[in-house]
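The lines below spell out each chain.
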Amino acid sequence: MPAALGAMGVLHFAKPRPFDGLIPPELPGSRRAWTYGSGVAELAVAGLLAVPRTRRLGGAAATALFLGVFPGNLQMVRAWRRKPVWPYQVIAWGRLPLQVPMILAADRIRRGA
């Protein structure tokens with residue numbers, strides 16, 4: 001999980017444009033600021049998870065992060081509703097239930113640390 005979150009955090013800075021489209025327009029401020037902020041959060045959580053001494057806190061932070069980015073997954077469904085079913089809508093809708101095992105895995109890390 002630390003490697004995946006670290007890679008995604010780096011991608012938020014290296015290729016921010018796709019992430020900008022996941023930011024719900026109802027949020028205040030610029031989409032790019034939210035993209036960079038979520039990238040920082042992912043990098044911070046990856047760091048917490050990578051260190052045994054902070055892994056419990058990292059698991060709690062990862063759980064909160066995965067809950068916090070769920071509106072972005074809903075935004076993808078909303079933004080891609082007029083795109084072809086394959087692959088766009090399949091990907092957008094498929095991401096929603098995948099949050100559940102990610103949240104559960106993060107909580108298991110918290111409890112097991």
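Residues numbered from 1 in each chain as written. Predicted model: local features only at pLDDT ≥ 70, side-chain atom pairs only at ≥ 80, totals over all residues. Heavy atoms only, no water.

1. Thoughts on the packing of aromatic side chains
Two aromatic rings are characterised by how far apart their centres lie and by the angle between their planes. Applying the stated criterion across every chain yields a total of two aromatic pairs. Ring geometry for F13 and Y36: centres 5.1 Å apart, planes at 5°, overall stacked. One end of the pair, F13, is in helix α1 (residues 2-14); the other, Y36, is in helix α3 (residues 31-50), and 23 residues separate them in sequence. Each ring, one from W80 and one from Y88, has its centre 5.3 Å from the other, and the planes form 90°; the classification is edge-to-face. Residue classification places W80 among the partly exposed positions, given a relative accessible area of 22%. Residue Y88 is classed as partly exposed on the basis of its relative accessible area of 33%. (Phe/Tyr/Trp six-rings, centres within 6.5 Å; stacked < 30°, edge-to-face > 60°. Helix = DSSP H or I, 4+ residues; strand = E, 2+ residues; numbered from the N terminus. Buried < 20%, exposed > 50% of the residue type's maximum accessible area, 1.4 Å probe, protein only.)

2. Here's the deal with the nonpolar core
Grouped together as the largest cluster of nonpolar side chains are nine residues: L5, V45, A46, L49, A62, L65, F66, I103 and A106. Looking at this core, the elements with two or more residues in it are α3, α4 (55-68) and α6 (85-112). If we ignore the near neighbours within four places in the chain, the residues touching F66 are M1, L5, Q99, M102, I103 and A106. Within the second largest apolar cluster, six residues are counted, among which are L22, M76, V77 and A92. (Core = buried A, V, L, I, M, F, W, Y, C linked by side-chain atoms within 4.5 Å. Contact = heavy atoms within 4.5 Å.)

3. Things to note about the environment of R81
Inspection of the secondary structure assignment puts R81 in the loop between α5 (70-79) and α6. Each C-alpha atom of the pair R81 and A44 lies 32 Å from the other, and the pair is 37 residues apart in sequence.

4. Structural notes on the pattern of salt bridges
Evaluation of the coordinates by the stated rule reveals four salt bridges. Note that E26 and R78 form a salt bridge whose closest N and O atoms lie 3.0 Å from each other. Linking E26 in the loop between α2 (17-20) and α3 with R78 in helix α5, this pair joins segments that are 52 residues apart in sequence. In this structure R78 comes out as partly exposed when scored by relative accessible area, which is 36%. Of the charged contacts in the structure, one is a salt bridge between R111 and D107, with a shortest N-O distance of 2.9 Å. Separated by four residues within a single helix, R111 and D107 lie in helix α6, roughly one turn from each other. Because the salt bridges share partners, they merge into one network encompassing D107, R110 and R111. (Salt bridge = Lys/Arg side-chain N within 4 Å of Asp/Glu carboxyl O.)

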